[in-house]
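Residue-level structure breakdown
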There are 2 protein chains.
Amino acid sequence: MNREIERAFSSYLRKNGMRVTPERKAILREVFALHRHFDVEELFDILRRKKTRISQASVYRSMPLFVKAGLVIRTAGAVGKVVYEHVYGHEHHDHMFCVKCGKQIEFNDDKLEKLQVEICRKYGFNPEYHNLEIDGLCKNCAKNKRTGGKYEI
Amino acid sequence: MNREIERAFSSYLRKNGMRVTPERKAILREVFALHRHFDVEELFDILRRKKTRISQASVYRSMPLFVKAGLVIRTAGAVGKVVYEHVYGHEHHDHMFCVKCGKQIEFNDDKLEKLQVEICRKYGFNPEYHNLEIDGLCKNCAKNKRTGGKYEI
DNA sequence: AATCTTGTTGAGAATCAATCGCAATAAGCG
DNA sequence: CGCTTATTGCGATTGATTCTCAACAAGATT
Ligand SMILES: [Mn+2]
Ligand SMILES: [Mn+2]
Ligand SMILES: [Zn+2]
Ligand SMILES: [Zn+2]
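Residues numbered from 1 in each chain as written. Chains lettered and ligands numbered in written order. Predicted model: local features only at pLDDT ≥ 70, side-chain atom pairs only at ≥ 80, totals over all residues. Heavy atoms only, no water.

**What about the overall build of chain A?**
Scanning chain A from terminus to terminus reveals six helices and five strands. Of the regular secondary structure in chain A, the N- to C-terminal order runs α-α-α-α-β-β-β-β-α-β-α. A principal-axis box enclosing the C-alpha atoms of chain A has dimensions of 50 × 40 × 25 Å. Out of the 153 residues in chain A, the part that is buried amounts to 42%. Nonlocal contacts in chain A, meaning residues at least 24 apart in sequence, comprise 53% of its contacts between residues at least 6 apart. Element-wise, carbon and sulfur atoms account for 48% of the exposed surface of chain A, whose accessible area totals about 8,800 Å². For chain A, the distance from the average site of its 29 positive side-chain charges to the average site of its 20 negative ones is 5 Å. (Helix = DSSP H or I, 4+ residues; strand = E, 2+ residues; numbered from the N terminus. Buried < 20%, exposed > 50% of the residue type's maximum accessible area, 1.4 Å probe, protein only. Contact = heavy atoms within 4.5 Å. Areas by Shrake-Rupley, 256 points an atom, 1.4 Å probe, with all protein chains shown as cover. Lys, Arg positive; Asp, Glu negative; His and termini not counted. Charge placed at Lys NZ, Arg CZ, Asp CG, Glu CD.)

**Examining the relation of the copies chain B and chain A**
For the match of chain B to chain A, the screw axis carries a shift of 0.1 Å, the RMSD comes to 0.3 Å, and the turn is 179°. When the rotation and shift are considered jointly, the pair of chain copies conforms to a two-fold rotation axis. Across chain B, the rotation axis passes nearest the C-alpha of Leu132 of chain B, at a separation of 2.2 Å. (Least-squares fit on C-alpha atoms with pLDDT ≥ 70 in both.)

**Section: the protein's contact with DNA strand C**
As a matter of local geometry, DNA strand C sits amid 19 residues, with Arg24, Ser58 and Arg61 of chain A together with Val20 and Tyr60 of chain B nearest to it. At the protein interface, 70% of the atoms of DNA strand C within 4 Å belong to sugar or phosphate. Separating a base oxygen of DNA strand C from a side-chain N or O atom of Arg19 of chain A is a distance of 3.0 Å. Here a phosphate oxygen of DNA strand C and a side-chain polar atom of Glu41 of chain B are 3.2 Å apart. At the level of secondary structure, the elements contributing two or more residues to the surface near DNA strand C comprise helix H2 (22-33) and helix H4 (56-68) of chain A together with helix H4 (56-68) of chain B. With three residues, the top contributor of residues to the surface near DNA strand C is H4 of chain B. Class assignment of the residues belonging to the surface near DNA strand C gives a composition of seven nonpolar, four polar and eight charged. (Near = heavy atom within 4 Å. Polar contact = N/O pair within 3.5 Å; in protein donor to acceptor, adjacent residues only side chain to side chain. Nonpolar A, V, L, I, M, F, W, Y, C, P; charged D, E, K, R; others polar.)

**Notes on the protein's contact with DNA strand D**
The immediate surroundings of DNA strand D are formed by 20 residues, with Tyr60 of chain A together with Arg24, Ser55, Ser58 and Arg61 of chain B found nearest. The protein-proximal atoms of DNA strand D, defined as those within 4 Å of the protein, are 69% sugar or phosphate. At 2.9 Å, a side-chain N or O of Arg19 of chain A approaches a base nitrogen of DNA strand D. The set of elements that each furnish at least two residues to the surface near DNA strand D consists of H4 of chain A together with helix H2 (22-33) and H4 of chain B. Among the elements that make up the surface near DNA strand D, the one with the highest residue count is H4 of chain A (four residues). A class-by-class count of the residues in the surface near DNA strand D yields seven nonpolar, five polar and eight charged.

**Looking at the nonpolar core**
Residues Met96 and Phe125 of chain A together with Met96 and Phe125 of chain B are the most contacted members of the largest nonpolar core, which totals 30 residues. Elements that contribute at least two residues to this core include exactly strand S3 (94-98), strand S4 (104-107), helix H5 (110-122) and strand S5 (126-137) of chain A together with strand S3 (94-98), strand S4 (104-107), helix H5 (110-122) and strand S5 (126-137) of chain B. (Core = buried A, V, L, I, M, F, W, Y, C linked by side-chain atoms within 4.5 Å.)

**Side note on the interface of chain B and chain A**
Listed by partner, the interface residues are 40 residues for chain B and 40 residues for chain A. Here chain B and chain A share an interface that buries about 3,500 Å² over both sides, 65% of which is from carbon and sulfur atoms. When residues of chain B are sorted by the area they lose upon contact with chain A, Tyr123, Phe125 and Glu128 of chain B head the list and together hold 17% of the total. Across the chain B-chain A interface, the total number found is four salt bridges. Note that Glu118 of chain A is salt-bridged to Lys111 of chain B, the shortest N-O span being 4.0 Å. Applying the counting criterion to the chain B and chain A interface returns 10 residue pairs in polar contact (both at pLDDT 80 or more). Looking at the side of chain B that touches chain A, the elements with two or more residues in it are S3, S4, H5, S5 and helix H6 (139-143) of chain B. (Buried area = accessible area lost by both parts, 1.4 Å probe. Salt bridge = Lys/Arg side-chain N within 4 Å of Asp/Glu carboxyl O.)

**Details of the pairing of S4 of chain B**
Consecutive side chains along a regular strand alternate between the two faces of the sheet. Residues and elements named next belong to chain B. Of the two faces of S4, only one is covered, namely that formed by Ile105 and Phe107; the face formed by Gln104 and Glu106 stays uncovered. Of the strand pairs in this sheet, S3 and S4 are connected by four bridges, and their pairing is antiparallel. Within S4, the position partnered with Asp94 by the bridge is Phe107. Two successive antiparallel strands, S3 and S4, enclose a turn made up of five residues, where Gly102 displays a positive phi of approximately 85°. (Pairing = 2+ DSSP bridges.)

**Details of the coordination of the manganese ion (ligand 2)**
Residues and elements named next belong to chain B. Ligation of the manganese ion (ligand 2) by protein atoms is provided by His37 (NE2), Glu85 (OE), His93 (NE2), His95 (NE2) and Glu106 (OE), these donors lying 2.1 to 2.4 Å from the ion. In this structure His93 comes out as buried when scored by relative accessible area, which is 15%. Taking the relative accessible area as the measure of exposure, His95 reaches 2% and is therefore buried. (Donors = N, O, S within 2.8 Å, 3.2 Å for Na, K, Ca; no water.)

Here you go:
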């Protein structure tokens, strides 16, 4: 993981009278080693499978800190589940999600971003953040005709 | 509530070998009397405050039926909570959500919808449904300078 | 380096939403 | 009116997240 990230987080902690602990650093390291969306359970499993003896409670307690520090966001996942993704050093993107095979496509369209801002202006709304998830069928699943599908909406 | 909705739902039930019960009808009636996003807890409270003696389990069991029948969707709410909204007879719309006062703006922009379809085509993706939530500050809250805010992201 | 203050940790209990199991009930059909 | 079987209510259960609290340790102070 990047030194820069660790420094950014430590700085955030100190600025808010919190402490830099090995647990927090270890969790953060895993978050940035995971290049996909994940939930706390997955993250905890990974930490447990390694030597670390970090408690579940600490993982749950750390996530909101990462979010507030601007390093991680809560993002799109199966509806109703809390899912995270690291964003520090990444560009903003939106998602397509195949309801049949679970495939996830990340995309970024400049025209779309601009259009959203424009629409907000019409409503006098000040956008800070947005989340767009398009559900449907990926190229593969679209041709192999639809059947059941484990990721029902 | 509209007779038409009840008929549509009854028809869906019969078509699938399920039964039309007074409980299901009562829950559906409340869902369509509620003109905003809601979670199961709210819905159950409303039902309980009225004469009805419908169990929580029945409410939880009914929601997926309404969704499958195309009368209701799971939609945007505080991230991580399961929130519903009735859609039968309503046009598709997206949401802006004020993180300070909780105000919700529903909007529909044709250009935005078309652009999304276009982007999907580029990825060979077959969109079926999408969910766009823009978080930020509403007109009012934007001028009254930002402070805390009970609806943190 | 030793000491002090106070934020943090781990473990398990507690909480909360959602689901389940089952006996009693009642929808739908002949 | 009966028969079949889906549905209900209730309480128990699961699963995720939060809380409690005593032991610990980060970071400031001397
Ligand atoms: Mn992503
Ligand atoms: Mn809406
Ligand atoms: Zn697919
Ligand atoms: Zn507002």
